[in-house]
Amino acid sequence: MHPTRHIFARRFATAALGLLFVLLTACDRGPEPLKLSGFTMGTTYHVTVADAESADADALQKELDELLIAFNEVASTYISDSELNRLNRASADEWHPISDTLFDMLFMSMELSWLTSGAFDVTVAPLVNLWGFGPEGEPRVPAQEELDEALQRVGFQHMEIDFADPKVRKTRDITLDLSAIAKGYGVDLVALWLERKGYGNFMVEIGGEVVARGSSPRGDAWRIGIEQPAELPGSVNRAIRISDVGVATSGDYRNYFEAQGKRYSHIINPVTGRPVEHSLVSVTVISETAAYADALATAFTVMGPEKTRRFAEQHEIAVYLIEKTADGLESSHSSAFANYLE
Ligand code: AMP
Ligand code: MG
């Protein structure tokens, strides 16, 4: 039987909304906020700046689109000539100079791989392609031999980074997929761009990954909705209030395929080589940066609910989980998350 792909599947997964979305407030006061929006990374983005009344919106929009295009030319696996894909094609055992942006992302990815004991691992690219969730291949269930072969080329320990002079060396023929951190990192980049322009009250969102700074046009914290995992996107499971943090959600209820009545998630356990299988349907992390929150949300989806709860308490990480149980959806959160609940 040919696998059927869910209607929301693949990189268009979050085309309309992310798993997190901005909650509109009816009684906004004060001057109209500046709004910028568009498409990037196979999804939409939205920027709201509360303190930019006299800004030239068209000029800012143009500059922002250029910034995001430039970022994609570094980190996208869907652009064959991106810096990342050039590194993917580059030979093993030699040092390859990389840009500061790629260095920063790889450094952060390595740090998160160590922290999560390999649950987060950007070298999963061969597995992602094998299951048909990457730029290559169609969704299908690969044979164990294929998985074993791909697993030979997976493992963050096969990548070395030179800190003094940004360069990388692959000690095996590994390939990288930055999808689990790129949207978050992109959000942080846009936030930095706005800060450099002197803005201090804004919200940036790319495909549901968010950074909020200062206050909303209402003068208080920004409000975000964690989406209720359901067939129809857009209903709120829980509202949160945030300021000066990054937030990201991972979930497998929008991006999966089905074969022989079984559901296969786009998030892969880098140890087994197989899509994750457990009751966790949505993981939201709040952290200092959106990149960190993005990567952690993916890692927690691999770890599963029990391990995540222990890990989050031990490391004081703010995380909100939605699990599927016999009685329907059940939510829980770590102690650090309580501060953000509305
Ligand atoms: P996210 O939506 O941020 O959870 O990222 C999921 C995407 O990251 C997948 O579509 C894959 O391209 C990639 N990916 C899957 N599993 C992992 C993993 N264990 N570590 C890092 N990236 C992953
Ligand atoms: Mg992620």
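Above: the structure in question.
Student: Mind laying out the site of ligand 1, listing which residues take part and the relevant values?
Tutor: Contacts to ligand 1 come from 16 residues, most closely from Ala119, Asp177, Ser250, Ile268 and Thr298. For ligand 1, an oxygen atom lies 3.5 Å from a polar atom in the backbone of alanine 180. In isolation ligand 1 has 500 Å² of accessible area, and contact with the protein removes 94% of it. Sorting the residues of the shell around ligand 1 by element identifies helix H6 (179-196) and helix H7 (290-303) as the ones contributing at least two each. Here the shell around ligand 1 takes 3 residues from H7, the largest share from any one element. Its residues assigned to classes, the shell around ligand 1 comprises 9 nonpolar, 4 polar and 3 charged.

Student: If you had to explain the coordination of the magnesium ion (ligand 2) to someone new, which residues and values would you point to?
Tutor: Distances from the magnesium ion (ligand 2) to its protein donors, namely Ala180 (O), Asp294 (O), Asp294 (OD) and Thr298 (OG1), fall within the range 2.0 to 2.4 Å. Positions of the donor residues of the magnesium ion (ligand 2) along the chain correspond to the pattern A-x113-D-x3-T. With aspartate 294 and threonine 298 both in helix H7 and 4 residues apart, this pair spans about one turn of that helix.

Student: With reference to specific residues and values, describe the pattern of salt bridges.
Tutor: Within the structure shown, the criterion is met by 17 salt bridges. When the shortest N-O distance is used, the salt bridge between lysine 167 and aspartate 165 registers 3.7 Å. Residue lysine 167 is classed as partly exposed on the basis of its relative accessible area of 21%. You can call aspartate 165 partly exposed: its relative accessible area is 42%. Beyond isolated ion pairs, a larger network of salt bridges with shared partners links Arg218, Asp220, Arg223, Arg241 and Glu342.

Student: Account for the sheet that holds strand E7 (residues 167-170), with residues named and values stated.
Tutor: Strand order in the open sheet made by the 3 strands is E5-E7-E6, with antiparallel pairing throughout. Edge positions in the open sheet fall to strand E5 (95-97) and strand E6 (159-162), since each of these has one partner strand only. The mean inter-strand angle of the sheet, taken between neighbouring strand axes irrespective of direction, is 25 degrees. Pairing between E6 and E7: 4 bridges, direction antiparallel. Note that in E7 the partner of aspartate 162 across the bridge is lysine 167. Against the sheet, helix H3 (residues 100-115) makes contact with E6 and E7, and its axis sits at roughly 125 degrees relative to E6, the strand it touches most.

Reading guide: rules and limits
Residues numbered from 1 in each chain as written. Chains lettered and ligands numbered in written order. Predicted model: local features only at pLDDT ≥ 70, side-chain atom pairs only at ≥ 80, totals over all residues. Heavy atoms only, no water. Near = heavy atom within 4 Å. Polar contact = N/O pair within 3.5 Å; in protein donor to acceptor, adjacent residues only side chain to side chain. Areas by Shrake-Rupley, 256 points an atom, 1.4 Å probe, with all protein chains shown as cover. Helix = DSSP H or I, 4+ residues; strand = E, 2+ residues; numbered from the N terminus. Nonpolar A, V, L, I, M, F, W, Y, C, P; charged D, E, K, R; others polar. Donors = N, O, S within 2.8 Å, 3.2 Å for Na, K, Ca; no water. Salt bridge = Lys/Arg side-chain N within 4 Å of Asp/Glu carboxyl O. Buried < 20%, exposed > 50% of the residue type's maximum accessible area, 1.4 Å probe, protein only. Pairing = 2+ DSSP bridges. Axes fitted to C-alpha atoms, helices over the stretch in contact; angles between N-to-C directions. Contact = heavy atoms within 4.5 Å.

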